[in-house]
Amino acid sequence: MFKKYRLTKDEKELLFSLLEMKDLNPDDGYVKKDVIEFTNSNRALGKEEIRQIRNYVIQKNIEYGFENDEPNELGYETEELFDKLFDILEEKDYY
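Residues numbered from 1 in each chain as written. Predicted model: local features only at pLDDT ≥ 70, side-chain atom pairs only at ≥ 80, totals over all residues. Heavy atoms only, no water.

Asks: Teacher, can you tell me more about the overall build of the chain here?
Replies: Broken down by element type, the chain carries 4 helices and 2 strands. Counting from the amino terminus, helix and strand elements in the chain follow one another as α-α-α-β-β-α. Relative to the compact-globule value of 12 Å for 95 residues, the chain shows a C-alpha radius of gyration of 13 Å, a close match. With respect to the three principal axes, the spread of C-alpha positions in the chain is 40 × 25 × 25 Å. (Helix = DSSP H or I, 4+ residues; strand = E, 2+ residues; numbered from the N terminus. Rg over C-alpha atoms; globule rule 2.2 N^0.38 Å.)

Next comes the structure, spelled out in structure tokens:
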């Protein structure tokens, strides 16, 4: 059974930064207004909500996470977050 997950303060800060960036590509696997709602909430999130956030983070990584084909600081931060969210979705030990 999936255990809901509550975003940490640091994860929310990163998401708020990403949400301020211009969207270079159309939504793919997420609805941005929902991602905003989930990021602003203080509740634990279910599997579909985590999946939408993860898809959003992946999109921002693709759009802004590289310079000269090498990951930049944002690239490393978003990769770390989407890896963690993947583990949560796969119900791996993340505590």
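We are not done yet, so read on.
Asks: Even after reading the chapter, I still don't get the nonpolar core, so can you show me in this structure?
Replies: Counting residues in hydrophobic clusters, the biggest one holds 21 residues, and the most contacted among them are Leu15, Leu18, Ile50, Ile53 and Val57. At the level of elements, helix H1 (9-20), helix H2 (32-40), helix H3 (47-64) and helix H4 (73-89) are the ones that each hand at least two residues to this core. Top element by residues in this core is H4. It accounts for 6 residues. For leucine 18, the residues in contact, after removing those within four places along its chain, are Tyr56, Val57, Lys60, Leu74 and Thr78. (Core = buried A, V, L, I, M, F, W, Y, C linked by side-chain atoms within 4.5 Å. Buried < 20%, exposed > 50% of the residue type's maximum accessible area, 1.4 Å probe, protein only. Contact = heavy atoms within 4.5 Å.)

Asks: Before we go on, may I ask you to explain the packing of aromatic side chains in this structure?
Replies: Centre-to-centre distance and the angle between the planes together describe a pair of aromatic rings. Counting across every chain of the model gives 1 aromatic pair. Geometrically, the ring pair formed by tyrosine 30 and tyrosine 56 is edge-to-face, given 5.1 Å between the ring centres and 85 degrees between the ring planes. Remark: tyrosine 56 occurs in helix H3 and tyrosine 30 occurs in the loop between H1 and H2; sequence separation between them is 26 residues. Among the residues examined, tyrosine 56 registers a relative accessible area of 0% and is labelled buried. (Phe/Tyr/Trp six-rings, centres within 6.5 Å; stacked < 30°, edge-to-face > 60°.)

Asks: Even after reading the chapter, I still don't get the side chain of threonine 39, so can you show me in this structure?
Replies: Take threonine 39: it is sitting in helix H2. Excluding its chain neighbours within four sequence positions, the residues that come into contact with threonine 39 are Leu7, Lys12, Leu15, Phe16 and Leu19.

Asks: Would you take a moment to explain the environment of glutamate 63 for this structure?
Replies: Of note, glutamate 63 is situated in helix H3. The spatial distance from the C-alpha of glutamate 63 to the C-alpha of glycine 75 is 9.4 Å, given a sequence separation of 12 residues. Discounting residues that sit within four places of it in the chain, glutamate 63 has contacts with Lys22, Asp23, Leu24 and Asn25.

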